[in-house]
Amino acid sequence: MEIIDLSNYKETRFDTAIALGNFDGIHIGHQQLINAMISKAKELGIKSSLLLFKNHTKTIIDNNKPNIITSNEQKFKICEELGIDIIYLLDFDDSLMKLSGEDFIKNIIMNKMNGKLLVVGFDYKFGYKASGDSSYLLELGEKYNIDVIVLDPVYKNNEIISSSAIRKLIVFGHINEVTKMLGHPYSILGKVVTGKNRGNKLGFPTANTEPIDNYVIPKNGVYITNTIINNKRYLSATNIGFNPTFDENILKIETYILDFSEDIYGQIIEVEFIDFLREDIKFQSKEELINQMNLDIEMVKLKH
Ligand SMILES: Cc1cc2nc3c(=O)[nH]c(=O)nc-3n(C[C@H](O)[C@H](O)[C@H](O)COP(=O)(O)O)c2cc1C
Ligand SMILES: Nc1ncnc2c1ncn2[C@@H]1O[C@H](COP(=O)(O)OP(=O)(O)O)[C@@H](O)[C@H]1O
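Since this is a predicted model, take the numbers as computed values, not measurements.

## Observations regarding the pairing of strand β6 (residues 147–151)
Pairing of strand β5 (residues 115–121) with β6, which is carried by five bridges, proceeds in the parallel orientation. Its bridge partner lying in β6, Gly-121 is registered against Leu-151.

## Quick word on helix α6 (residues 134–144)
Along α6, the residues classified as buried are Ser-134, Leu-137, Leu-140, Gly-141 and Tyr-144. Here the buried residues of α6 occupy an arc of 110° about the axis, which is enough to place them on one side. Those residues of α6 that are exposed and aimed more than 90 degrees away from the buried face are Glu-139, Glu-142 and Lys-143.

## Looking at the environment of Ile-28
Looking at the element boundaries, Ile-28 is found in helix α1 (residues 28–44). In the structure, Ile-28 is positioned 156 residues away from His-184 in sequence and 8.8 Å away in space, judged by C-alpha atoms. Aside from chain neighbours lying at most four places away, what touches Ile-28 is Lys-156, Ile-161, Lys-180, Met-181, Leu-182 and Gly-183.

## A closer look at the packing of aromatic side chains
All chains considered together, the criterion is met by nine aromatic pairs. Here the aromatic rings of Phe-53 and Phe-92 are separated by 5.0 Å at their centres, their planes lie at 75°, and the arrangement is edge-to-face. Highlighted residues: Phe-53 in strand β3 (residues 47–53) and Phe-92 in the loop between β4 (86–90) and α4 (94–97), separated in sequence by 39 residues. With a centroid separation of 5.8 Å and an interplanar angle of 20°, the aromatic rings of Phe-126 and Tyr-136 are classed as stacked. Here Phe-126 is found in the loop between β5 and α6, whereas its partner Tyr-136 is found in helix α6, with ten residues between them in sequence. Members of the aromatic cluster, joined through ring pairs, are Phe-104, Tyr-124, Phe-126 and Tyr-136. Above the face of the Phe-14 ring, Lys-47 is positioned so that its terminal group lies 5.2 Å from the ring centre. Sitting above the plane of the Phe-276 ring, Lys-219 keeps its charged end 4.7 Å from the centroid.

## What to know about the packing of helix α5 (residues 101–110) against α6
Two elements in contact, α5 and α6, have axes whose closest approach is 11 Å; the angle formed by their N-to-C orientations is 55°. Judged by the inter-axis angle, α5 sits oblique to α6. Of the two elements, α5 crosses α6, and the hand of that crossing is right-handed. On α6, the residues touching Gly-101, Glu-102, Ile-105, Lys-106 and Met-110 of α5 are Tyr-136, Leu-137, Leu-140, Lys-143 and Tyr-144.

## Here we look at the site of ligand 1
Residues in close proximity to ligand 1 total 25 residues, the closest being Lys-196, Arg-198, Thr-245, Lys-252 and Ile-281. Measuring from a nitrogen atom of ligand 1, one finds a side-chain N or O atom of Asn-239 at 3.2 Å. In the complex, 99% of the free accessible area of ligand 1, which totals 630 Å², lies under the protein chains. When each cavity is represented as a set of grid points, ligand 1 is found to reside in the second largest pocket. Looking at the shell around ligand 1, the elements that each hand over two or more residues are α9 (199–202), β12 (232–241), β13 (252–257) and α10 (286–303). Of the residues that constitute the shell around ligand 1, the class distribution is ten nonpolar, eight polar and seven charged.

## So, the nonpolar core
Among the nonpolar cores identified, the biggest contains 30 residues, and Ile-166, Tyr-186, Ile-264 and Phe-273 are the most heavily contacted of them. Listing elements by their share of this core, those giving two or more residues are α7 (163–171), α8 (175–182), β9 (186–193), β11 (221–229), β12, β13 and β14 (268–278). Once residues within four sequence positions are removed from consideration, Ile-264 is found in contact with Val-192, Ala-207, Ile-229, Ile-257 and Ile-269. By size, the runner-up hydrophobic cluster in this structure holds 28 residues, among which are Phe-104, Ile-109, Phe-126 and Ile-146.

## Side note on the sheet that holds β13
The strand order β9-β10-β13-β12-β11-β14 describes a closed barrel built from six strands, whose pairing is antiparallel. Strand after strand, the sheet turns through a mean of 45° between neighbouring axes, direction not considered. Looking at chain direction, β9 and strand β10 (residues 207–211) are connected through four bridges and run antiparallel. Counted as the bridge partner of Val-193 is Asn-208 from β10.

The rules behind these values
- Residues numbered from 1 in each chain as written.
- Chains lettered and ligands numbered in written order.
- Predicted model: local features only at pLDDT ≥ 70, side-chain atom pairs only at ≥ 80, totals over all residues.
- Heavy atoms only, no water.
- Pairing = 2+ DSSP bridges.
- Helix = DSSP H or I, 4+ residues; strand = E, 2+ residues; numbered from the N terminus.
- Buried < 20%, exposed > 50% of the residue type's maximum accessible area, 1.4 Å probe, protein only.
- Arc of directions from axis to C-beta.
- Contact = heavy atoms within 4.5 Å.
- Phe/Tyr/Trp six-rings, centres within 6.5 Å; stacked < 30°, edge-to-face > 60°.
- Lys NZ or Arg CZ within 6 Å of the ring centre and 35° of its normal.
- Axes fitted to C-alpha atoms, helices over the stretch in contact; angles between N-to-C directions.
- Parallel < 35°, antiparallel > 145°, perpendicular 65-115°, else oblique.
- Left-handed = near helix turned anticlockwise from the far one by under 90°.
- Near = heavy atom within 4 Å.
- Polar contact = N/O pair within 3.5 Å; in protein donor to acceptor, adjacent residues only side chain to side chain.
- Areas by Shrake-Rupley, 256 points an atom, 1.4 Å probe, with all protein chains shown as cover.
- 1 Å grid on protein atoms, 1.4 Å probe; cavity = no way out; pocket = protein on both sides within 12 Å on 5 of 7 lines; lining within 4 Å.
- Sits in = over half its atoms within 2 Å of the grid points.
- Nonpolar A, V, L, I, M, F, W, Y, C, P; charged D, E, K, R; others polar.
- Core = buried A, V, L, I, M, F, W, Y, C linked by side-chain atoms within 4.5 Å.

Read these as geometric descriptors, not functional statements.
See the structure below:
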């Protein structure tokens with residue numbers, strides 16, 4: 001897979017099929033759309049691609065940094081696994097925001113990417129103030145001789161699978177549902193930072209992580225997780241909360257990694273959420289907390 005930054009680039013080597021959208025989470029609906037785009041691209045003998053914005057469109061439109069499910073780095077990895085040929089990256093800036101739908105198709109899709117086929121979801125919106133919808137895209141496709149495929153929504157339990165539905169499920173800690181809708185575990189990439197140095201003394205050192213992006217944070221509690229360090233996956237238990245036993249006031253995401261004893265301060269690790277175990281509790285003593293943590297680890301071993 002090739003990653004191409006379109007800020008100072010123009011595709012002149014080949015024609016492309018392009019999936020358009022935000023693709024936050026790359027959930028099973030997104031995956032179906034991407035797979036449809038890849039098979040059609042193969043049929044036509046052109047390259048399969050995805051257009052992503054380097055920054056979320058909302059950061060420019062209303063100065064709002066929305067919570068995300070997947071960072072761009074994670075999207076690249078999933079796209080590579082799906083078999084996409086190219087990821088195009090575009091800065092979403094003021095001038096791009098103000099492009100009309102028609103100019104977006106002419107200036108970006110045609111002139112910069114040699115787009116011959118566009119695949120979008122039923123609710124795709126484009127152009128200044130999201131004025132263009134899928135039927136307008138079909139019209140423009142006719143006008144400029146670009147194939148356009150609009151796909152129907154994908155349902156799970158009578159509900160449309162959407163990034164916003166998944167964000168809510170994450171916030172409520174419904175991890176099983178999240179995994180079913182995503183088709184892969186929800187995971188947070190974070191840098192290991194120092195904490196209060198209490199973990200080791202309790203017999204449970206924890207890697208405290210500072211998320212690398214503005215992720216949706218699951219509700220406070222203890223989770224069965226997998227932690228990926230240097231491409232190796234370890235079973236782990238993650239606590240999200242304010243350490244109520246110690247009356248702290250900073251939200252921490254901290255992970256005890258089973259069968260592990262390395263110093264990983266400063267490293268970027270990935271924590272995959274597998275299941276919710278229990279609520280965060282204020283214990284009366286350190287000993288009670290340690291007893292409960294031992295039980296948690298037993299549960300992690302049993303349930304994973
Ligand atoms: C599996 C697990 C469960 C935890 N559960 C709780 C809890 O219920 N209540 C609480 O106050 N802290 C809980 N903690 C957090 C500990 O208080 C925390 O790891 C300890 O204070 C170490 O903090 P430090 O990383 O700043 O040194 C839990 C930690 C782990 C790894
Ligand atoms: N099994 C383990 N799980 C998590 N971190 C571990 C483990 N073994 C060693 N470590 C290291 O120990 C650090 C955590 O120790 P801890 O006493 O909890 O200190 P801190 O309060 O700085 O997090 C981690 O950041 C990591 O570098």
